[in-house]
Amino acid sequence: MKPTDSTDIYRDRHYRLWFTLGCYGLLAATVILLTVFIYLPVAWAFTKSLYQFEIGGDSQFVGLGNYREFFNDPTLWPSFGHMLFLTSFAVCVRLSMPLIVAKLIHSVRHEKWRYFYRILFLVPIVVPGVAVQLIWQGLIYADKGLLNEALMALGRGNWTHGWLSNPSTALISCAFVGFPWIGGFEVLIYYAGLSGIPDSVNEAALLEGCVGIRKFFKIDIPMVLSQLKLILMLTIIGGVQGFEGMLILTKGGPGFETTVPGLWMYYNAFSFQRMGYACAIGVLLFVLIFGLTVLNFKYFKSSEEIQAIQ
Amino acid sequence: MNARKIFKFVSLIVILAVGTWLLWPPSDEGETAGAAAAEAPGGPRAGVKYTIRFSPGNSYLPGMTPDGIGSPLKGLADVVADYEKLHPDTHIELVTAPVGVREYLVTQLISGMAPEIINVNVEDVWQDIQKNWYVKFNKLLDSPNPYVKPGEPGSVRWWDQIKYPGISRGTAAPDRNYYCICYDMVETGIYYNKNIFRKVGVEEPKDFEDFMRICQKIKDYTNEKGEHPYTPILLGQWTMADWCLDLFFDQFYAQITPGIDLSAGQDPERELYLKHYLDWDEISFLRKKGFFGKKDPRWREVFKVMYRFRQMANRNLTTIDPIREFVTQSGAMYWAASPFTYHLMVDKKLGFDWGIFYMPAFTQATSKYADGHPMCVIGGPGTQYEITNSAISDTGNPETSERLKRVGDFLYFLMAPQNYIKVVNETPRYLTNIIGVPVQPPLQPFDDFLKRDYSSSKWMFTFDLKFSETLLRMLDLYLNDGITLDEFIWWIETSLEQACQNIELRKPPDWAELQRSWDSKAPARAKMKDLPDEAYR
């Protein structure tokens, strides 16, 4: 019997089969693209990390030789140290400064002005990251850049530095790029979180006399934990993976004072042609990011998850 | 659409048009002429069978104005035009490819898309010889240059045309094959400001200690305002890691090479120039015997003297603009390569006399390991042209490729004296490497420097790319007080160990042969002092 209405259509076995196959067919394109461009290269990198492999040259199986070499590489611990410092620094500033700015904007009474400030803090997003790095390198940290000239004008000529070339200031100078870290999408995400706090909660807090700083810590922050979790994860992943900032600002120097594992991987792959070795570094970074993400999911609960548990 | 909207729309278009017109770059007669010169031979023509892409490098690229001073170059464009007139089926396309950027070069070579002729330092090529990315020059060099008149050098073998055969043969790769033609020569020297020297009361140094004394005197010189206006010598990061290291290394190791040069006499052609030269395999072997590490006192001495020398130079080795500092008379000396001569000659605003001397030798006063022999050569081949695998894209076989024959033919034409002089001697920057084409008089001092012995080894670029990078970085850090000498030596030793392992994986050296040679030199080493302990066993 042929189906007569829309409900019956779904009961028809043939139709269900074709419908399911159609859905899989539509998904197949995405799965194939993901497999070819994401999963296969990752699998390839895992495999090649076991080879001594140069672009254009022969592969030679070395087992875990690349990993062993990396653990004996004198750049290993310093570079992980730098990565840890930069990531921790980025986590601290990205979890705090944009949240404070978002709270301030959210506290503005008139919508017109809130809108104005949202736009004001979002505009810097359109400036490409590379341009920002070059501005800091060439205009602010240069020998005759803004920072040194300002110090000279203040009569503090003895405080001037080659900020990016001096081993004692290079890493912290890199961390400070983007100061005061408030012109980004984080502000918008926190703002959305703050806007999502139900009016009933805000009113109850007001009635209980929970206002100002106390409300910020007791009500607002717990209510935007989902957003904090998202930013935390993105910052950690970006911190572990990222190297382009260092490449532009210092090329990892002076010495290896600002080298991070990602940058060393890049140099090994494309400058030294040691693809197998670079793949081994990439695999280790993957494992690290994967582990941190699992820990983050397991131990850092969002407000919704806390409510669900309760 | 109402009138107001139309007005807004039209106004925007007018503002855009006026803005574009105002911001349009002014036409530059010189630039256009230069561009036209570059384009002239490259224009598409009917009947072209071979298009040869040629990346000559900025030194000779038509339309380029060297150092931004003087007239744009046109010599090569004229030669290319002459060749195309002679061979209407061939089009030489002059391209500006960033072949110095390894990431670019590697991707182009692996895909067979690199220009047919490129200009890369041959040491970079050595890293890739096992990958068949480059065509050997051996056959071309042993064949006559058809553009040379009968009876003249080169009419029997191209080699005979070469003015510096020793240096040119020194470019043979470790597999003993040639992968480039040394188009011209370059050497470094210390340019100095004679006015400042007169004011301070110093003259060209006689030896290294004298040089240090002069530098100190310049550093201490005080003007009427009570300032110290002069930096004694202007140096860059690369100057220290590449030139300075090789020179100083030779000063301490040349006298012990009879005991450690393990491939001496194995390649008579290369030995013409590279006598006492330590190549990759030897460095790897000697490392196993304790050299180039904390147990090797000469190795420490090299870097101790470098540190001392560095104290006389500019504060920042990486971001300095030494040319500006020298021409504005902030620096009394500048260690640079011969092309800088051109800059000084054509800079009309230059308000001082200048001279050139070579780095003076170490004596016993500098170190107990010095013997006073003159500083070696660190220059040599300037522009080096290689033929890439793109040149054999027609058959994939160098023996049968017609395309490769045409590429080779063009290089012969380029090196014929009547054409060569138009290109190399267009400006006084590089020394000629063809018999019968004179060196320009301002470059004569460099021609004399090139007659010295060659360095005992080249540490940057040739050994291992990762090691080169580590050396460059850590030397910079050490010279700028970022780490101690002990820490620096540890870094380099560790990195060298890894580089040796890497070399062993890529191309295992013939350890047995090296050991035999090592053993045969034991009597010579027994007479030498302060070698690592393993050297005496």
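Source: prediction; values computed, not measured.

### Considering the domain arrangement of chain B
By a widespread convention, an interface's size corresponds to the accessible area lost as its parts come together.
All names here are of chain B.
And then number 1: According to the domain assignment, chain B contains domain 1 (34-163 + 384-429) and domain 2 (188-379 + 454-531).
And then number 2: In this assembly, 13 residues from domain 1 lie in contact with 16 residues from domain 2.
And then number 3: Each partner contributes to the roughly 1,400 Å² buried at the junction of domain 1 and domain 2, and carbon and sulfur atoms together form 58% of this total.
And then number 4: The largest share of the area that domain 1 buries against domain 2 comes from Ile69, Gln127 and Arg429, three residues that together contribute 41% of it.
And then number 5: Joining domain 1 to domain 2, the criterion identifies zero salt bridges.
And then number 6: At the boundary of domain 1 and domain 2, one finds three residue pairs in polar contact (both at pLDDT 80 or more).
And then number 7: Across the side of domain 1 that touches domain 2, the residue classes tally to four nonpolar, five polar and four charged.

### Some remarks on the pairing of strand 1 (residues 50-54) of chain B
Residues and elements named next belong to chain B.
And then number 1: Alternating residues of strand 1 divide into Tyr50, Ile52 and Phe54, all buried, and Thr51 and Arg53, none buried.
And then number 2: Summarising the sheet, strand 1 and strand 2 (residues 90-94) pair through five bridges and their orientation is parallel. By the bridge assignment, Tyr50 is partnered in strand 2 with Thr90.
And then number 3: The parallel pair strand 1 and strand 2, bridged by helix 3 (residues 75-86), forms a crossover whose chirality is right-handed.

### Re the confidence of the model for chain A
And then number 1: Overall, the predicted model of chain A reaches an average pLDDT of 87, with 93% of residues at or above 70.
And then number 2: Across chain A, the secondary-structure element scoring lowest on mean pLDDT is helix 1 (residues 6-11) of chain A, at 62, and the one scoring highest is helix 4 (residues 76-107) of chain A, at 93.

### Re the sheet that holds strand 12 (residues 431-432) of chain B
Residue and element names in this part refer to chain B.
And then number 1: Reading across from one edge, 10-5-12 is the order of the three strands in this open sheet, with antiparallel pairing throughout. Where the open sheet ends on each side, the last strands, each with one partner, are strand 10 (380-381) and strand 12.
And then number 2: Across two bridges, strand 5 (residues 184-186) lies against strand 10 in antiparallel orientation. Paired with Val186 across the bridge in strand 10 is Gly380.

### Observations regarding the pattern of salt bridges
All names here are of chain A.
And then number 1: Counted under the stated rule, the structure contains 36 salt bridges over all chains.
And then number 2: Here Lys103 and Asp220 are joined by a salt bridge, their closest N and O atoms 2.7 Å apart. Placement of the pair is Lys103 in helix 4 and Asp220 in helix 11 (residues 212-223), with a sequence separation of 117 residues. Each of the two residues, Lys103 as well as Asp220, counts as buried.
And then number 3: As a salt-bridge pair, Glu111 and Arg114 come within 3.0 Å of each other at their nearest N and O atoms.

### Regarding the pairing of strand 11 (residues 384-387) of chain B
Residues and elements named next belong to chain B.
And then number 1: Of the two faces of strand 11, the one holding Gln384 and Glu386 and the one holding Tyr385 and Ile387 are both buried throughout.
And then number 2: Looking at chain direction, strand 4 (residues 181-182) and strand 11 are connected through two bridges and run antiparallel. Bridging from a neighbouring strand, Cys182 pairs with Gln384 of strand 11.

### Details of the confidence of the model for chain B
And then number 1: On average, chain B scores 88 in pLDDT, and the residues at 70 or more come to 94%.
And then number 2: Counting interchain partners and residues more than four positions distant, the pLDDT-below-50 stretch residues 28-42 of chain B has 16 contacts.

### Quick notes on helix 22 (residues 511-520) of chain B
All names here are of chain B.
And then number 1: The set of residues buried in helix 22 consists of Leu514, Ser517 and Trp518. An end-on view of helix 22 places all buried positions within 105° of arc, on one side of the element. Of the residues in helix 22, the exposed ones pointing more than 90 degrees away from the buried face are Arg516 and Ser520.
And then number 2: Its buried side turned inward, helix 22 meets helix 11 (257-260), helix 13 (280-288) and helix 23 (522-526).

Rules behind the numbers
Residues numbered from 1 in each chain as written. Chains lettered and ligands numbered in written order. Predicted model: local features only at pLDDT ≥ 70, side-chain atom pairs only at ≥ 80, totals over all residues. Heavy atoms only, no water. Domains from an automatic or database assignment. Contact = heavy atoms within 4.5 Å. Buried area = accessible area lost by both parts, 1.4 Å probe. Salt bridge = Lys/Arg side-chain N within 4 Å of Asp/Glu carboxyl O. Polar contact = N/O pair within 3.5 Å; in protein donor to acceptor, adjacent residues only side chain to side chain. Nonpolar A, V, L, I, M, F, W, Y, C, P; charged D, E, K, R; others polar. Buried < 20%, exposed > 50% of the residue type's maximum accessible area, 1.4 Å probe, protein only. Helix = DSSP H or I, 4+ residues; strand = E, 2+ residues; numbered from the N terminus. Pairing = 2+ DSSP bridges. Right-handed = clockwise from strand over helix to strand, strands pointing away. pLDDT = per-residue confidence, 0-100. Arc of directions from axis to C-beta.

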